[in-house]
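So the chains spell out like this:
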Amino acid sequence: MSGGGGGAQQAAHSLAFRVMRLCRPTLHVDTAPLKFDPCDILFGEDLFDDPIAASHLPRLLSSQSNTSISDPSDLSYRSRFLLHHPTDSLGFPGLLVLPQAFGAIYLGETFCSYISINNSSNFEVRDVIIKAEIQTERQRIVLLDTSKTPVESIRAGGRYDFIVEHDVKELGAHTLVCTALYSDGDSERKYLPQFFKFIVSNPLSVRTKVRNVKETTFLEACIENHTKSNLYMDQVEFEPAQHWSVTALKTADHSLEHSLLMGETFKEPVLIRSGGGIYNYLYELKFSSPHSTQVKVEGSNVLGKLQITWRTNLGEPGRLQTQHIVGNPITRKEIELDAEEIPPFIILDKPFLVSLNLINLTERVLGPFEVWLSESDLLDEKAVMVNGLQTMTLGEVAAFSSMKFELNLIATKHGIQKISGITVFDTVEKKTYNSLLELEIYVDSQ
Amino acid sequence: MDAPPSPPPPPSPPPEECSPIAATAVANVADDPLTSPYASMNSYCHDLSTLQDLACRGAWRTIVDKVARSRSLSLLSKPHEHLIYLTFNLLSLVKLRRYSDAQQELKTLDDDLDSKQYLYESYPDHYPNHKPGSMVPFALRWLHAHLPFTLGDRQLALDRLYTLLHFIRDKKLPPNRDSDSEVSLTLWKKREEFVVNTIISHHLSQKEFKVCLSLLRAEISKNDDPLLVSKLGYVQMQYGDLDGAKRSFEVVEKLVMGSESGNVELKNLVSRNKALKYLVGKDYVSAVREYEECIERDGSDVVAINNKALCLMYLRDLSDSIKVLESALERVPTVALNETIVVNLCSMYELAHVNHADIKKTLSTWIARVAPDDFDNSCTRI
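Worth saying up front: this structure is predicted, and the values here are computed from it rather than measured.

**Q** Which parts of the structure should I look at to understand the sheet that holds strand E31 (residues 422-426) of chain A?
**A** Sheet strands associate in pairs through backbone hydrogen bonding, adopting either a parallel or an antiparallel arrangement. Residue and element names in this part refer to chain A. Reading across from one edge, E28-E26-E31-E32 is the order of the 4 strands in this open sheet, with antiparallel pairing throughout. One side of each edge strand has no neighbouring strand; the edge strands of this open sheet are strand E28 (391-394) and strand E32 (431-433). Taken over all neighbouring pairs, the strand axes of this sheet differ in orientation by 20° on average, direction set aside. Of the pairings in the sheet, the one linking E31 to E32 comprises 3 bridges and is antiparallel in character. Residue Val424 lies in a different strand from E32, and its bridge partner there is Tyr433.

Have a look at this one:
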C-alpha cells in the first residue's frame, strides 16, 4: 500500500519517495475473539444447578486465576483466552487500523497522502528542493513546493516527511508527481521524479423528476450509490433558485423510539448501500415573486440545485453539488377567457346569452379578435351552437385590460351538455387559442 | 497429525457401587472434603488445572497433544471429563486455525447436544444424587455454532447462533424455571449476552449497520452498561454518523460519572471516547493528550497506546508513532502482542523504510520467540 512509483533509475539515486494514502482509519472488528468465561469451558452448563457443586465451584475458580488482566508481571496470554467483560465477544474494542490498501477514490472526496522522502544511501544529501503536484488531464495543481526554503540536509538513513491534501474535483486519471532536486554525496545535483497514478470515479448519480400540480412544483430526487462502501447521508439539501421556496417532505418515521437512557428520539440513519443502493428525496417548491404570476419567465426555468454531503468510515466526508435542476417549461399565458354570466335556466331549442370576459395578460395591445365555436370532432351534431353569425368580431384589447362580450347560443340536446370548442383568433398576430374555457350547462326539455 | 479422537467410551460402573450401602457411602463422599470430587480442580476433572494453565499461556499445540495422550492412555474415566477434554481440544484446533480438524473432532459428537448421553441422570453410578441436567460445557455449544463460519458457511453459523440464543431465552431464562439457583441464572444471563454480542459481531463485519444498531439498542434497554453504549458509539463512528456517536459518548460519560468514578477502566473508557471525538474532528494533538492520560493511569491500555501511535502518524510524526508501538511490544508483550497492532506497525515500517523487508523480518523473528501458538503471522505481510 505504500508505494515507490515508477519514473526513476532507482539504483542511481540516494533518495526515494514512499507514499501512503492517509484516508481516515477504521475501527477494527474481530468476528471471533475466541474468549470465554471459564465457567463455560471447565464445567457442564447445568452444573451450577446442583447445590453441592454450586457451593464448591466458586472456590475452585478463584483459586485458579486471580491476577488481574492488566498486571504487567503476569506473563501469560490470558487476555487472549479469558472473557473480561461480556462485550469483549463483540470484538470491537475501539482499536484503530491504518488504511491497508489504496482503495477507490471518488469525486468530492479529499485525497490525503503521507509522503516520506528517504535517504537510503551512506551519505548526506543537501539542498533538497521537494515538489508534490497533482496532474490531471486539465490542470496541474501544486500541493507542496520547497523551492523558496529548500531542506538543508537529509542525513544518511534519514527521512523528510510531509502530508498533502487535495480536494478531488475532476474525474478520470490523476497522477501524484513527487520530485526532488538535491545534491548527493559527490555534490552532484540530481533530479528524482516519481509518479503515483490513480483514477477518480463518480460516486453517485442523481435522477430527478419534476411534476407540476396546480401552483406547486414537486421535485423527486433519487440518489444512487456507485461506490464500494455504504454511504451515510449526512446532509442532503435542496438550494432553491431565486423566487423559489422549498420544503423537504419526509415520511412519518415509524421507527422513532424514545429511549429514557439515551434521552432523545432515535432516528434511523440514512445509509445507502454500496454498489447500487438508492434513496429517494421529495421536495415541494413554490414560486413566489413580488410581481405575481405575470412575471413567470418564459422558456425553461431553473429550480435550484441539490447539495449532498456524505460520510464513510470515521466520518470521512465527500461533497457534491448537482447541476442546475430545471423545471417544466412554462409558457406565458397571454390571454384568459372567463365566464361572467350564464343564465340559470336554459331551454332546449331556445336561444340564450352567455357573457364572457376576454383578458389581455400581456403588456402589449392584442387583437382585433375573432371568436367562434369550432367544429366538433364527433360525427353527430354539436349540442350547443352559435345562434346567428358563426364568427364574432371583437376589437383590440389594451395591455393588461379586458373586454366583455356576449355569445348568442342555442342548445339542440337536453340534459347536461358542454359548451366547448370556444376558439379565439388574434387576427394581427395570427395566433389561435382554443383551450381557454369549457362550460357545463343543464338543458331543460321545456 | 494426531490420531483421530475416539468417542467417549460407555461408562463402566465399578463393582462396589452395586449395593445400596455403597450407594449411600458414595452420596456422602461429595460432602467429605478429603474425597469430594470438588476438593480441587483436578479431583473434579483429570489434570484440569494444567489444561487451564496451558490455555492461559496460549499453548494450544500442547493442549492438543495432551488431549490425544490422555485419550490414548485412557486417563479419562467419567463422561464429563471426556466432554471437557473434547471442548478444550476443539477450542485449541479452532485457535490454531485447523478448521477441518476441528470439524472432524465435532463429528465425534452426537449431532444433538441435548441427547440423553450428555445428561448427568444417564449415568447414575457416576453421578449419584446429582441434580439432573446437561454436562455439555456451554463453550461447546458456542463452538458448534461458530464452526461453519470458519469453513466458509457464514449463514449456517448465524442461523445456529440465533437458534442458540432462542434456546437460552426459551429454556433457560424464563421466570418459572425449576432451578432456584441464583448463580445458575446469572450464568445463563451472561451466556445470553455473550451470544448476542457474537451475533452483532457477525453483522458488524458484514457492514449490516442497521441490524447492529437495532440489536445494540435492545441490549442497552435491558442493561445500561457504559461499555455497551460505547460500542453503539463506535458503530455510529464506523459508518460516519459523528453526531450520533458524540451523543452516545455523552451518555457513557453520564453513566460513568454516576457510578464508581474511581474505576480506572471506566475512566479510561471515557477518555478514549473523548480522544476519538477529537480524532474525527482532526484535532490529533488533543487526542494524543487524552490517550497519554489513559496510559498514565493504566500502562497496559493497549487501545490507548495503539490509537496514540496512529494520531502521531497523522501528525506527520512517523518516527514517534513507530517508537510508541515498538516500546509497547517490549514493555508489555503479553497484552500488546496483538495482530492489529502488528498490522499497524508493519504499515508504518513499509512507509518509513525503502528496504522494509529487513526490519519486518526482525519483528517476525521476535514474534516467533514470544508469541502464543494462536498468533496469526500473516499480519506481518512478509
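**Q** I would appreciate a short explanation of the pairing of strand E26 (residues 369-373) of chain A in the present structure.
**A** When a strand is regular, its side chains alternate between the sheet's two faces. Residue and element names in this part refer to chain A. Alternating positions in E26 separate cleanly, Phe369, Val371 and Leu373 being buried on one face and Glu370 and Trp372 remaining unburied on the opposite face. By the bridge criterion, 4 bridges tie E26 to E28 in an arrangement that is antiparallel. Counted as the bridge partner of Trp372 is Thr391 from E28.

**Q** Just checking my understanding: could you explain the interface of chain B and chain A for this structure?
**A** By a widely used convention, the size of an interface equals the accessible area lost when the partners come together. Counting from both sides, the interface comprises 124 residues of chain B and, opposite them, 95 residues of chain A. In this structure, Glu45 of chain A and Arg141 of chain B form a salt bridge, with 2.7 Å as the shortest nitrogen-oxygen distance. Here chain B is connected to chain A by 51 residue pairs in polar contact (both at pLDDT 80 or more). No other element matches helix H9 (residues 182-205) of chain B, which puts 15 residues into the side of chain B that touches chain A. Broken down by class, the residue content of the side of chain B that touches chain A amounts to 64 nonpolar, 33 polar and 27 charged.

**Q** Where do I start with the sheet that holds strand E13 (residues 216-225) of chain A in this structure?
**A** Residue and element names in this part refer to chain A. Here we have 4 strands laid out as an open sheet, ordered E12-E13-E19-E15, and antiparallel in their pairing. Edge strands, defined here as strands with exactly one partner in the open sheet, are strand E12 (204-213) and strand E15 (244-249). Strand-to-strand twist in this sheet, taken as the mean axis angle between neighbours without regard to direction, amounts to 25°. As paired strands, E15 and strand E19 (residues 278-287) are joined by 6 bridges and run antiparallel to one another. Bridge assignment links Thr247 to a residue of E19, and that residue is Glu284.

Basis of the calculations
Residues numbered from 1 in each chain as written. Chains lettered and ligands numbered in written order. Predicted model: local features only at pLDDT ≥ 70, side-chain atom pairs only at ≥ 80, totals over all residues. Heavy atoms only, no water. Pairing = 2+ DSSP bridges. Helix = DSSP H or I, 4+ residues; strand = E, 2+ residues; numbered from the N terminus. Axes fitted to C-alpha atoms, helices over the stretch in contact; angles between N-to-C directions. Buried < 20%, exposed > 50% of the residue type's maximum accessible area, 1.4 Å probe, protein only. Contact = heavy atoms within 4.5 Å. Salt bridge = Lys/Arg side-chain N within 4 Å of Asp/Glu carboxyl O. Polar contact = N/O pair within 3.5 Å; in protein donor to acceptor, adjacent residues only side chain to side chain. Nonpolar A, V, L, I, M, F, W, Y, C, P; charged D, E, K, R; others polar.

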